Amino acid sequence: MVEAAEVKAQVRRYYQATTEDYLKYYQTDWHHHMHFGFDRDLPKGGNPTEHLVRYLAGLAGLGDTGKALPDESPLVLDAGCGVGGSAIWLSRELGCRTVGITLVESQARMAREFARRGQALRTRFAVNDFQTPAFKEKSFDVIWAVESFDHSPDKAQWVKVMAGLLKPGGRLIIADGFAASPPRDASQAKAYRHFLEGWAVPHLCTFAQMREYGADAGLELSYEEDLSFDVLPHSLAIFRFGLLFIPWRWLKRSLGFSSTEKLGNALATFYQYKTLKAQLWRYGAFCFRKPG
Ligand SMILES: C[S@@+](CC[C@H](N)C(=O)[O-])C[C@H]1O[C@@H](n2cnc3c(N)ncnc32)[C@H](O)[C@@H]1O
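The following paragraphs examine the structure supplied in this document. Throughout this document, residue positions are counted from 1 along each chain, in the order its sequence is written. Given that the model is predicted, a residue must reach a pLDDT of at least 70 before its local features are reported, and side-chain atom pairs must reach 80 or more before they are shown or counted; all residues, however, enter totals for whole chains, interfaces and linings.

1. Digging into the sheet that holds strand β6 (residues 220-226)
Within a sheet, neighbouring strands are paired by backbone hydrogen bonds and run either parallel or antiparallel to one another.
Logical step 1: What the seven strands build is an open sheet, ordered β3-β2-β1-β4-β5-β7-β6; its pairing is mixed. The open sheet has two edge strands, β3 (123-127) and β6, and neither has a second partner. Within the sheet, the average angular offset between the axes of one strand and its neighbour, ignoring direction, is 15 degrees.
Logical step 2: In this structure, strand β5 (residues 166-179) lies alongside strand β7 (residues 281-289), joined through nine bridges in antiparallel fashion. DSSP bridges decide pairing: two strands pair if at least two such bridges lie between them. A run of H or I in DSSP counts as a helix once it spans at least four residues, and a run of E counts as a strand once it spans at least two, with each numbered from the N terminus. Note on method: axes are straight lines fitted to C-alpha atoms, helices fitted across the in-contact stretch only, with angles between N-to-C directions ranging 0 to 180 degrees.

2. Quick word on the site of the ligand
Logical step 1: We count a residue as near a molecule or strand when its backbone-placed C-beta atom lies within 6 Å of that partner. Near the ligand there are 23 residues, and of these Met34, Gly80, Gly82, Phe130 and Ser148 occur at the shortest range.
Logical step 2: Mapped onto the shell around the ligand, the elements with two or more residues apiece are α1 (4-25), α3 (85-94) and β2 (97-102).
Logical step 3: Per-element tally for the shell around the ligand: the top contributor is α1, with three residues.

3. A few points about the environment of Trp248
Logical step 1: Residue position: Trp248 is located in helix α8 (residues 228-254).
Logical step 2: Between the alpha carbons of Trp248 and Phe207 there is a distance of 36 Å; along the sequence they are 41 residues apart.

4. Here's the deal with the pairing of β2
Logical step 1: By the criterion of burial, β2 is predominantly enclosed, with six of the six residues buried.
Logical step 2: The alternating pattern of β2 places Arg97, Val99 and Ile101 and Thr98, Gly100 and Thr102 on opposite faces, both of which are buried.
Logical step 3: The sheet contact formed by strand β1 (residues 75-79) and β2 spans five bridges and is parallel. Opposite Asp78, over in β2, you have Gly100 as the bridge partner.
Logical step 4: If the strands point away from the viewer and the path from the first strand over the helix to the second runs clockwise, then the crossover is right-handed. One crossover worth recording links β1 to the parallel β2 by way of α3, and it is right-handed.
Logical step 5: In terms of strand pairing, β2 meets β3 through five bridges, oriented parallel. Note on β3: the bridge partner recorded for Gly100 is Phe125.
Logical step 6: The β-α-β motif built from β2, the intervening helix α4 (residues 105-117) and the parallel element β3 has right-handed crossover chirality. Counting other C-beta atoms within 10 Å of its own, a residue is labelled buried from 20 upward, exposed at 12 or fewer, and partly exposed in the gap between, with every C-beta atom placed from the backbone.

Following this line, the structure appears as structure tokens:
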């Protein structure tokens, strides 16, 4: 088992090296999300990543706050915020107040700039470790974790920490990969390893473990859903991108012009689809509620 400090260092190195690649792939002039897209009922010409955020906001019970006074609108912690995609959308479209935290200074800086350009006025971004966050207990109405929870080295503890930060009645939203069937042979085991290591993910937990972590933290499960089918088209698009990029990244890495993290990212974009199709993992959404 890799030490928590080593996981944190790997995650930081990974995003320091690859955030620019995400921005190119995701066309950041269009949006700032670093996660899978969601295709169910996607309007023609719609943006699949933004569509996922809209869907999850519905699960979290976040609607348009309309003319609510700023300090009456929901306070959302975006735990593992990337370059601010969700936090900016929730602030701009629904009027939420959002605080985004990331391990990477350059991501926080970009998120502030994107928020400024997008006129998302009720957003704040900081570098902070979500295993030991610098917030008071019972601070947030919603805690939002889109594809960041999988980086946690101690998932049970993470859920307890998040439960502590929620106000009574608050909600914890998680959208991420979850372990499903174990690899059936050496080739599947290799594919699964490349998928996780390439994206700096120490391990995935199962749906059953997720429920258990919520219950152990005193949270009620409001909702869970397997969204694998809905993210598959986007997973395939990322896979094709990987096909193009692996030889290029491999060559640059061999010549010393690129990093292990960038090559790992290209390999993971390829293997995430192979392993999703083989049902070694699935994509799920959970919503927990803190009683009170
Ligand atoms: C795949 S990105 C997702 C970003 C964002 N949620 C989105 O959907 O666009 C994962 C994010 O989790 C953050 N992260 C991972 N481990 C973290 C930790 N221990 N503390 C804070 N943020 C963390 C990374 O810095 C990165 O911003």
